[in-house]
Every structure is written in C-alpha cells, then in structure tokens.
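The lines below spell out each chain.
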Amino acid sequence: MSSKLTRSQIAWRIAQDIDDGCFVNLGIGMPELVANYLPDGREIIIHSENGLLGMGPVPEDGEEDGDLINAGKKPVTLLDGGSYFSHTDSFAMVRGGHLDICVLGAFQISQTGDLANWATLNNTKPPGVGGAMDLAVGAKQVFVMTEHCTKSGEPKILEQCTYPLTGANLVSRIYTDLAVIDVTGSGLVVCEWIEDMTFDDLQAKTAAPLSPASDAKQLTVPEL
Amino acid sequence: MIDKRFASIENALAGIRDGSVILVGGFGNAGSPIPLLEALIDQGATDLTIVSNNAGEGDFGLAALMKAGRIRKIICSYPRSSGSVIFEELYGQGKIDLEVVPQGTLSERMRAAGAGIGGFYTPTSAGTLLAKGKETREIEGKLHVLELPLKGDVALIKADLADRWGNLTYNKSARNFGPTMAMAADLTIAQVRQIVDLGEISPELVVTPGIFVDRVVKEGGQT
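Computed from a predicted model, the values in this text were never measured in an experiment.

Conventions and cut-offs
- Residues numbered from 1 in each chain as written.
- Chains lettered and ligands numbered in written order.
- Predicted model: local features only at pLDDT ≥ 70, side-chain atom pairs only at ≥ 80, totals over all residues.
- Helix = DSSP H or I, 4+ residues; strand = E, 2+ residues; numbered from the N terminus.
- Rg over C-alpha atoms; globule rule 2.2 N^0.38 Å.
- Buried ≥ 20, exposed ≤ 12 C-beta atoms within 10 Å, placed from the backbone.
- Contact = placed C-beta atoms within 7 Å.
- Pairing = 2+ DSSP bridges.
- Axes fitted to C-alpha atoms, helices over the stretch in contact; angles between N-to-C directions.
- Core = buried A, V, L, I, M, F, W, Y, C linked by C-beta atoms within 7 Å.
- Parallel < 35°, antiparallel > 145°, perpendicular 65-115°, else oblique.
- Left-handed = near helix turned anticlockwise from the far one by under 90°.
- Nonpolar A, V, L, I, M, F, W, Y, C, P; charged D, E, K, R; others polar.
- Arc of directions from axis to C-beta.
- pLDDT = per-residue confidence, 0-100.

1. Details of the overall build of chain A
At step 1: In terms of helices and strands, chain A carries 4 helices and 13 strands.
At step 2: Relative to its length of 224 residues, chain A is compact, with a C-alpha radius of gyration of 17 Å against a globular reference of 17 Å.
At step 3: Classification of the 224 residues of chain A by burial places 45% in the buried group.
At step 4: Once local pairs closer than 6 in sequence are excluded, the contacts in chain A between residues at least 24 apart make up 66%.

Pasting the structure below:
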C-alpha cells in the first residue's frame, strides 16, 4: 500500500487535487492517465490543445472518428456541452490564463520550478516542442507528473536543470512515485511521502534541498 | 459572379510556384488535406517551405511530398510523431531544414500575418533555446519574446462544407489550423467534403468567411 506508486497511482493522487469546475489540460503521455481517476461528482472540463473542450473518454471499438482526436492523436469522444475551436482560440485559452491546471511530464525540474520536458542533450533526433511551452507559461497552476528518478536512478529534481528549459519558474507542484512536493518561494516543501521511506531517504534521491511541510502526511493511495 | 469552385484538384493547384511557402492544415491526420498534398507531387512545385504542426507520417500526404524531394524546409511544432519516418530519415541525412516553433506561437504568428499585425510579444519560450536571438521585453513583470508574422504564399486546408463564395465549415477537431491558415496566405485552397448552394450554410455557423478563401474543390473532384 505505501511502497512506490505506480503511474496509475500517481495519476489518482493528482486527480484528487483537481476541484469541481476546473478547466484542465493533461499533457501527452503519462498525464493522460489522470483522466481515468477524476473523482465522481466533480464536473471537470478537459481541454485538448488541438481544439476541444469537454473531452470525453476513449470511444467504443468501432466508434473511432479520425476527425475527433486528442493532442496525443488518439481517438476520443466529446461530452455533451463540449465544443470545437481553432488552434488560435485554443492557445488563447492556454496562454490567456483560462486553464486552471495543466499536468505535464518532465525530464527535469529545478528547485525554483524550472521545467525541462521537450529536449535532451541528444542531438541525433530532431527536437519537437508541441504545445508544452505555451501550456507551461499559460496555465494558472502547472502540476508535474513524473517518476522521482530516471530509469538509471538519477534524480530528476535538481538545483538547476541541465536539459534545455521548457519554461522558467512555473511549476507549482510535483507529483512523483515517492512524494508530493510544493515549489515555494522558500524552496521545495514535501507535503506527502510514502511510508516505506524516511525523509532522509527521499532527500538522498533528490538533488535539491527539501524540507518537510509542517503538516506533512503519508502519501496514501488505493490499490489500482 | 463569384465562383470559387474548381472541378478538379489538379486545376485547383494550378499556379503554385517553386520556392513557395505553403501552410498545410491538420494536426496529425485530422484536417490534413491529403489529396491536395499528393496532387501537388504531380503539379511539380519544388523547393517548398512547409508550415504544418507535424512532419507527416507513413508514406502518404505530407510524407509523400517530402519523399518526392519537394520540401526544402519545414516549420512545425512537433516533427516527431510516431510514424514520421520519412521526415526523420531526411533530417538525419541533412536533406531537410527544420524550424521548431511552439504550437501556440505557430498559430498566432499566422494569425498575425492574416490580421495585419506586425508581430506580438508572448511569454511562451521566454528564457529557452527557442527564444535565442529574439528581442525580449518585460511586460507586467513577465519576460516576453517578440514573434513576427508568418505568411504563406499558399494555404492548403481541409474543410467540411463549402459554398461557391468560399464560406467554410469544419468537422470536429479537424478544424485545428484551418481557419487561421486560411487568412494567412495569398492563395487559400480548401479541399472539402461537400459543396452546397449559397444560403445552405447558416451564416451563424460559417467558421471561415469566404473572404479568406480563394478556391474550393470537392474531395475526389467534381462539384
């Protein structure tokens, strides 16, 4: 129960922090999972930057429509009350501060809330940024969803990012498989961490100074 | 009398010159004017600069035009979709130039071109590699980057309904860049599912007014 979270469990934890009535954009990849765990009884409107508000679940087999896709280019549906619009309007919503939350993946996050999620130092592949830079600067709150460390065990939370930035000083909260961390004016504050780990263990996996919140809790999620 | 209808895709593409900047609608395959792109191979224009969100996938549409060696440069937000194999190959061989532009900036630069705006300051990309060499300015305490208009010689877009005045509607998320590109090019060519009589599209529901559209052609030709 309180060992390292699965991706679905990180998604579940993020979903608990999205309030009724919020407009939310879920980044391509891991953050898309958050849609599966939005709490019942809350009306949460999902924005997709390719021109949808009120994005619904994946269609039934055989009901896919090539003209109705999400930003990850996968078939989706539209809820009653949803709308379609052009990219120009879509990014007015994004940059204009009309989205309450966007959830983005990360390669690296700095202690001051810089985000690096679009390019590495590997130049053999062409770079691609998509809408990440617009979302990062535009949403009222930027939540990052990530594993705490890379596959090879390197910390992803650093004093300074070494990869090219998506944007500076904009991450509000970091959700990992080990902890929930607020980015504050006085540094990284850990709100929750898993029971299997001491605070010192968590610090050892993080390459920037952490401090526990005064009301810090155990990070508890259901089996999923 | 105004009649923007063309009987065939071949006729609709007439006059596109070598070296043109072509705005290509679509987000992935949704809204991608695949028949127009493939007919452009036969039309023959080359040394093209393409502005499109993605860099094509598989070996059809934009990827087919690329494979035919007609594209010198692509300006896009995300060239790395799964299936963008032809682009990746040409890029790896240094046979195609790439300019990466954040998606919202790409759209807004075209809107600026279409709306007669000489540029705009956006917080997007401030402090990043993509702002390198660009003028910046602090506005209300936030760093902004100057972005300039992006105009097309031609726009190729896919719409749903059209009439002979060039009014357009779109289908679902296939709308994406269409309305913005339509206003940002000297010559806008729309491939549509169906051409209807004037008045059949409710004026309340016209998405792209005909003033922005020069030629309409039904998919597969014939009105």
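2. Description of the sheet that holds strand β13 (residues 210-218) of chain A
Residues and elements named next belong to chain A.
At step 1: Strand order in the open sheet made by the 10 strands is β4-β3-β2-β1-β5-β8-β10-β11-β12-β13, with mixed pairing throughout. Two strands lie at the open edges of the sheet, namely β4 (77-84) and β13, each paired on one side alone. The average angle at which neighbouring strand axes cross in this sheet is 25°, direction not considered.

3. Side note on the nonpolar core
At step 1: Within the largest apolar cluster, 128 residues are counted, with the highest numbers of intra-cluster contacts made by Leu-104, Leu-115 and Val-144 of chain A together with Ala-155 of chain B.
At step 2: Those residues in contact with Ala-155 of chain B, other than ones at most four positions away along the chain, are Leu-23, Met-181, Ala-182, Ala-184, Ala-185, Thr-188 and Ile-189 of chain B.

4. A word on the packing of helix α2 (residues 87-95) of chain A against helix α5 (residues 103-115) of chain B
At step 1: The contact between α2 of chain A and α5 of chain B brings their axes to 9 Å, and the two run at 125°. Here α2 of chain A is positioned oblique relative to α5 of chain B, judged by the angle of their axes. The way α2 of chain A lies across α5 of chain B gives a crossing that is left-handed. Of the residues in α5 of chain B, those in contact with His-87, Thr-88, Phe-91, Val-94 and Arg-95 of chain A of α2 of chain A are Gln-103, Gly-104, Ser-107, Glu-108 and Arg-111 of chain B.

5. Quick look at the interface of chain A and chain B
Note on interface size: it is often stated as the accessible area lost on association of the parts.
At step 1: Counting residues at the interface gives 32 residues for chain A and 37 residues for chain B.
At step 2: Among the secondary structure elements, those contributing two or more residues to the side of chain A that touches chain B are α2 and α3 (132-138) of chain A.
At step 3: Here the side of chain A that touches chain B gets 5 residues from one element, more than from any other, and that element is α2 of chain A.
At step 4: Across the side of chain A that touches chain B, the residue classes tally to 14 nonpolar, 11 polar and 7 charged.

6. Some words on the sheet that holds strand β9 (residues 157-158) of chain A
Residue and element names in this part refer to chain A.
At step 1: Judged by pairing direction, the sheet is mixed, and its 3 strands sit side by side in the order β7-β6-β9 without closing on themselves. The outermost strands of the open sheet, each flanked by one partner alone, are β7 (115-116) and β9.
At step 2: Sheet topology places strand β6 (residues 108-110) next to β9; 2 bridges connect them, and they run parallel. Looking at the pairing, Ile-109 lines up with Ile-157 of β9.

7. Re the pairing of strand β11 (residues 215-218) of chain B
At step 1: Note that strand β1 (residues 5-6) of chain B and β11 of chain B share 2 bridges and pair parallel. Bridge pairing links Phe-6 of chain B to Val-217 of chain B in β11 of chain B.

8. What about helix α2 (residues 34-43) of chain B?
Residue and element names in this part refer to chain B.
At step 1: The complete set of buried residues in α2 reads Leu-36, Leu-37, Ala-39 and Leu-40. The buried residues of α2 occupy one face: seen down the axis, they fall within an arc of 165°.
At step 2: Structurally, α2 contributes buried residues whose contacts are with α1 (9-12), β2 (21-24), α3 (62-67), β9 (152-162) and β10 (185-195).
At step 3: Of the residues one or two after α2, Gly-44 is the one with positive phi, at around 105°.

9. A look at the confidence of the model for chain B
At step 1: This prediction gives chain B a mean pLDDT of 96; 99% of its residues lie at or above 70.
At step 2: The ipTM value of the predicted complex is 0.96, and its pTM value is 0.96.

10. Concerning the pairing of strand β5 (residues 101-104) of chain A
All names here are of chain A.
At step 1: Going residue by residue along β5, you find Ile-101 and Val-103 tucked away on one face and Cys-102 and Leu-104 tucked away on the opposite face as well.
At step 2: Pairing geometry for strand β1 (residues 23-26) and β5, over 3 bridges, is parallel. The residue bridging Val-24 from the neighbouring strand is Ile-101, located in β5.

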